[in-house]
Amino acid sequence: MVGHSNPQVAEAVARQMATLPTTNILHQSDTLIAYCSRLAGLMPEGLTKVAVLAGGGDAIEAAIKLAMRVTGRTEVLSLHGAYHGMSLATMSLAGIASDRSWLPGAVRWPTFRQVPNADTYRNPLGDGAWEASARALSSALDGGYRQVAAFVMEIVQGPNGHVLFPPGYYDAVQRACRERGVLLIVDEIQTGMARCGATWACDLFGVKPDMLVAGKALGAGVPIGVLAARADLVDDAIESEPWNILTFMNQPLAAAAGLAVLDVVEQQDLANRARALGSRATEHFRQLSDRFEVIGDVRGPGLFVGIDYVRDLRTKEPATSACADAWVFAAQRGLLCQFGGIGGNVLKFKPPLTTPDEDFGRMLDLVDEVTEFIADRGRESRRRDDRGADPPGDRQRRCCAQGRGRGAVRRDKGERAPQRHQPVPSLRRCIPGAVLAPVPSANHSRQRPAPGAGDADRDRGGRVRRRLASAAPPHSVCRPRLVRPDGRDALP
Ligand SMILES: Cc1ncc(COP(=O)(O)O)c(C=O)c1O
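Residues numbered from 1 in each chain as written. Predicted model: local features only at pLDDT ≥ 70, side-chain atom pairs only at ≥ 80, totals over all residues.

Asks: Would you mind showing me how to read the overall build of the protein here?
Replies: Looking only at helices and strands, the protein features 14 helices and 15 strands. Taken over 492 residues, the protein has a buried fraction of 43%. (Helix = DSSP H or I, 4+ residues; strand = E, 2+ residues; numbered from the N terminus. Buried ≥ 20, exposed ≤ 12 C-beta atoms within 10 Å, placed from the backbone.)

Given below as structure tokens:
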């Protein structure tokens, strides 16, 4: 949000580090109190109890626990396409099936369920059918054990590819939750704090949550998650109970970073800047879509723009493999970007809100080049399809190499599933300025076999030979390699 190595934040963090970086969770610090009070003043109406956690997922976990405790109920609903973190509970909220399927049996907390979202571009229940999605939520709230404590939603689904919902849907969701005493937890970990052209994306759609969770850019590099809850939900008894004790919660160092970020946001009027830059980008990409049929949709509020690349405008089939190649092309051209969505086909355009105008113009030009690249790849692939020459598994392999799209692509008959222990590609996204390349053949989950033991294997002549432990690749430890776009190692 405020850019990498923001000098104001760096200075504030250094000052706090030199005075009081950490306290025992039983103690308070002036910096923490100042931060929580200031955040409380910025939150949607009524959310005045604020806790600072070590990450977004931690804050979602805390919100879920609090909701269960205050309602005395055990069920939690989330949306198809949702992403709320990677702890066991937040993974159970995942509406992106491939995220959960990493666990054997795609295990899920038994009282967590997902309901269809109201995607404005690819609605799972049919075009323009957000009412059907709203009805699906109501019946889910009335079904199951009728024990729903909370409904968790992103205002715009970031990891799912900047998926938007129509305004009427937010009204319906709020009504359905209120009527049943179900708490509404809004995840603004990607959309919050000026990014969407308002302090919170909630503000754009008239959403009044019972709890709001934020994180990520709020610390400008310092790990942070924030939970803000309605004050009446956290009474003295709950506050004094040991329900969420984490060493790195409520720490002054994170608060110092957070305060400095709020200063920058206010001093540089970043919410308005996000709105202005966002309209410029959206307009630019819409004009681009007149030239290139691979752009199916351009969407997202403020500077939280998604460009949905498709193979076919009519079917909206994601341009998965072209985008996987485009990601590398973009990095080589100097644009570090990310393609999200379950098809790995939505370019997430969300540069720092402080990006200088000249750099911003350059980014737009580079997106033009990336789009042209995707269009060329699309034409090539159609030619190959026409000749029936698309090698089996080609699409799936490229998709896996790129990221989250792996769940969306049909595997060709007879093609083997990707190796279970491939490094999880979505981890790459957390590395600013560098991409994370898997060490070739490093299989970090595999145990080294005991000396003398080995996998039985057959050579061409049918004889059994032993692959001994000594023949295993030298890297038995997971040592990710950080590679810069120019191919040089980022770490010695
Ligand atoms: C929408 C959303 N919710 C929750 C999380 C989890 O946050 P963290 O990775 O800080 O635990 C993320 C992280 O990508 C996110 O994008």
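Asks: Teacher, can you tell me more about the sheet that holds strand β10 (residues 339-340) here?
Replies: Sheet strands associate in pairs through backbone hydrogen bonding, adopting either a parallel or an antiparallel arrangement. Reading across the sheet, the 4 strands line up as β8-β9-β11-β10 and stay open at both edges, with antiparallel pairing between neighbours. Of all strands in the sheet, those bounded by a partner on one side alone are β8 (295-299) and β10. Relative to strand β11 (residues 346-349), strand β9 (residues 305-309) runs antiparallel, the two sharing 4 bridges. Looking across to β11, one finds that D308 is bridged to V346. (Pairing = 2+ DSSP bridges.)

Asks: How do you make sense of the confidence of the model for the protein when you look at a structure like this?
Replies: Detailed conclusions should not be drawn from predicted coordinates in areas where pLDDT is low. Of all residues in the protein, 78% attain a pLDDT of 70 or more, and the chain-wide mean is 82. Per-residue pLDDT stays below 50 along residues 488-492; that stretch engages in 8 contacts with residues further than four places along the chain or on separate chains. (pLDDT = per-residue confidence, 0-100. Contact = placed C-beta atoms within 7 Å.)

Asks: I keep staring at the sheet that holds strand β2 (residues 75-79) and nothing clicks. Help me out?
Replies: Strand order in this open sheet of 7 strands is β1-β7-β6-β5-β4-β2-β3, and the pairing throughout is mixed. Both edges of this open sheet fall to β1 (49-53) and β3 (112-115), since each of them pairs with a single strand only. Across this sheet, the average inter-strand angle for adjacent strands is 20°, counted without regard to direction. The sheet contact formed by β2 and strand β4 (residues 148-154) spans 3 bridges and is parallel. Bridged to V76 within β4 is A150. Its contacts with the sheet put helix α2 (residues 30-42) on β1 and β7 (225-229), and the angle it makes with β1 is roughly 125°. (Axes fitted to C-alpha atoms, helices over the stretch in contact; angles between N-to-C directions.)

Asks: Help me out: how do you make sense of the nonpolar core in this one?
Replies: The tendency in soluble globular proteins is for nonpolar side chains to be buried as a group. Formed by 126 residues in total, the largest nonpolar core has its most connected members in A63, V213, V226, L227, A257 and V261. By residue number, the principal contributor to this core is helix α10 (residues 252-267), which donates 11 residues. Both of domain 1 (7-267) and domain 2 (272-424 + 449-492) provide at least three residues apiece to this core. Setting aside residues up to four positions removed in sequence, V261 forms contacts with M1, V2, V9, L218, G219 and A220. (Core = buried A, V, L, I, M, F, W, Y, C linked by C-beta atoms within 7 Å. Domains from an automatic or database assignment.)

Asks: Hey, could you run me through helix α1 (residues 7-19) in this one?
Replies: Side chains of residues three or four places apart in an α-helix project in the same direction, reflecting 3.6 residues per turn. Taking 1.5 Å of rise per residue, 13 residues should cover 18 Å, and α1 covers 18 Å from first to last C-alpha, within 8% of that figure. Looking only at α1, the buried set comprises V9, A12, V13 and Q16. The buried residues of α1 occupy an angular sector of 95° when projected down its axis, which confines them to one face. Exposed and facing more than 90 degrees away from the buried side of α1 are P7, E11, A14, R15 and A18. Of the surrounding secondary structure, the elements contacted by the buried residues of α1 are α2 and α10. (Expected span 1.5 Å × (residues − 1). Arc of directions from axis to C-beta.)

Asks: Please explain the pairing of β8 as it appears in this structure.
Replies: On a regular strand, one side chain projects to one face of the sheet and the next to the other, so that they alternate. Taken across its 5 residues, β8 has 5 buried, putting it largely inside the fold. Summarising the sheet, β8 and β9 pair through 4 bridges and their orientation is antiparallel. Bridge pairing in β9 links R299 to G306. Between the end of β8 and the start of β9, which pair antiparallel, lie 5 residues, with G300 showing a positive phi angle near 125°.

Asks: Can you help me understand the environment of M68 in this one?
Replies: As for its placement among the helices and strands, M68 is situated in helix α3 (residues 56-71). Sequence separation between M68 and L183 is 115 residues, and the spatial gap between their C-alpha atoms is 9.4 Å. Apart from residues lying up to four places away in sequence, M68 is in contact with R73, T74 and A149.

Asks: Honestly, helix α6 (residues 130-142) in this entry has me stumped. Any pointers?
Replies: End to end, α6 covers 19 Å across 13 residues, agreeing with the expected 18 Å (1.5 Å per residue, within 8%). Those residues of α6 that fall on the buried side of the exposure criterion are W130, S133, A134, L137 and L141. The arc that holds every buried residue of α6, seen down its axis, measures 100°, which confines them to one face. Along α6, exposed side chains directed more than 90 degrees from the buried face belong to S139 and D142. Those residues of α6 that are buried are in contact with β3, β4 and α7 (167-179).

Asks: I would appreciate a short explanation of the environment of L366 in the present structure.
Replies: Take L366: it is sitting in helix α13 (residues 357-387). A tally of 16 C-beta atoms within 10 Å means that L366 is categorised as partly exposed.

Asks: Explain the packing of α1 against α10 here, please?
Replies: When two helices pack together, you describe them by how their axes are tilted relative to each other and by the distance separating the axes. Two elements in contact, α1 and α10, have axes whose closest approach is 8 Å; the angle formed by their N-to-C orientations is 155°. By the angle between their axes, α1 is roughly antiparallel relative to α10. For the pair α1 and α10, the sense of crossing is right-handed. Here Q8, V9, A12, V13, Q16 and M17 of α1 lie close against α10, whose contacting residues are P252, L253, A256, A257, L259, A260, V261, D263 and V264. (Parallel < 35°, antiparallel > 145°, perpendicular 65-115°, else oblique. Left-handed = near helix turned anticlockwise from the far one by under 90°.)

Asks: How do you make sense of unusual backbone geometry when you look at a structure like this?
Replies: Most of the time, phi is negative for any residue but glycine, and the peptide bond is trans. We note that N250 has phi near 55°; this positive angle belongs to a residue other than glycine. Of note, N250 is situated in the loop between α9 (236-240) and α10. A count of 23 C-beta atoms within 10 Å places N250 in the buried class. The residue D269 is not glycine, and still its phi comes out positive at about 50°. Classification of D269 by C-beta neighbours within 10 Å gives partly exposed; the count is 13.

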